[in-house]
Amino acid sequence: MIEIFDNIRKIYTFTDACPELADHIEFFSESSHQATQQYIGDRSFSVKMFPSWTPTFYINLGEPYFISVGQQQHLISADQDILILRDSIVERYNTPADNIFTVKFYPGGLEAVLGLSQVRCTGRVIDLKTILPAKLIKQIKQPLSFIERCELMQQFLLSRLKNKFKNDHYLKFVRGCIENYSLSGSQLNTGEMAERMFVSSKTINRYFHRVVGLSPKNYFSIMRARTALTAYVNSDQSFIPYNYGYYDMSHFYKDVVNFTGKKLVEHV
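Residues numbered from 1 in each chain as written. Predicted model: local features only at pLDDT ≥ 70, side-chain atom pairs only at ≥ 80, totals over all residues. Heavy atoms only, no water.

Visitor: With reference to specific residues and values, describe helix α5 (residues 169-183).
Guide: For α5, spanning 15 residues, the distance from its first C-alpha to its last is 21 Å, which sits close to the expected 21 Å at 1.5 Å a residue. Every buried residue of α5 is listed here: L171, F173, V174, G176, C177, I178, N180 and Y181. Looking at the buried positions of α5, the neighbouring elements they touch are α2 (109-114), α6 (190-196), α7 (201-211) and α8 (216-234). Sitting at the head of α5, D168 places a side-chain oxygen 2.9 Å from the backbone nitrogen of Y170. G185 sits one or two residues past α5 and shows a positive phi near 70°. (Helix = DSSP H or I, 4+ residues; strand = E, 2+ residues; numbered from the N terminus. Expected span 1.5 Å × (residues − 1). Buried < 20%, exposed > 50% of the residue type's maximum accessible area, 1.4 Å probe, protein only. Contact = heavy atoms within 4.5 Å. Polar contact = N/O pair within 3.5 Å; in protein donor to acceptor, adjacent residues only side chain to side chain.)

Have a look at this one:
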């Protein structure tokens, strides 16, 4: 299965974060054995995901599995839990005994809640034992319901949020840029965004490198490719590249190659 081209969400259970965490956490999710049986059956498969720069916890509730992050493949044991930034293509190899509980943060969310800069996570697979209390991980791995696991994780994150988050200027600025870019229909370039935020291009670049780990130009390119490609897959006949800041279809096709690593015709 390939993200955007396939509905990878259909084999997981999802829920949103509580209101206090909603600005920092995109969702909680867990593998659904019933849905996997319905859509995949009793066979191994893989799920490929494209870069998003969204720090994600993977807490293993099942058997060992392989995960490729960029060019490196890692074996994750049954008792191993990890954090990855998703700054490159990620492919996880699933088995029928697969069971993963995940927490996906927005860019900058990890720093807002836990005080950990995601820049430190670039290109790494980090053991969650170095970030979360061993007691919490052990509790989450107990035979609980998905909602009970979410409650345990949220209670911990809320306690850390109260201690760590101090309306950080850098985080608020970057979040504002991301919101403005989305509202503009992916039309703003870095210079136009800097002007709208009343700062210089040098300043906006510095803030993005500090919070996200890459330039605003590259991050906005990822946002645009994700949004436009999703729209194209949903309805290629009504897709208009200009609505997403592209000059023409050729410009869009080129961006798809940069984003996915393959030509669009290979996925259609």
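Visitor: Quick rundown of the packing of α5 against α8? Include the residues and the values.
Guide: Look at α5 against α8: their axes get within 11 Å of each other, and the N-to-C directions meet at 40°. With respect to each other, α5 and α8 are oriented oblique. Classified by chirality, the crossing of α8 by α5 is right-handed. Taken together, the residues of α8 that come into contact with α5 (itself represented by C177, I178, Y181 and S182) are Y219, F220, M223 and R224. Here the contact of α5 with α8 is built from residues that sort into 6 nonpolar, 1 polar and 1 charged. (Axes fitted to C-alpha atoms, helices over the stretch in contact; angles between N-to-C directions. Parallel < 35°, antiparallel > 145°, perpendicular 65-115°, else oblique. Left-handed = near helix turned anticlockwise from the far one by under 90°. Nonpolar A, V, L, I, M, F, W, Y, C, P; charged D, E, K, R; others polar.)

Visitor: Help me get a handle on the pairing of strand β9 (residues 100-105), residues and values and all.
Guide: Burial of β9 is extensive: 6 of the 6 residues sit out of reach of the surface. Covered by surrounding structure in β9 are I100, T102 and K104 together with F101, V103 and F105, the residues of both alternating faces. In this sheet, β9 lies alongside strand β2 (residues 25-31) in antiparallel orientation, the contact comprising 5 bridges. Across the sheet, F27 pairs through a bridge with K104, a residue of β9. (Pairing = 2+ DSSP bridges.)

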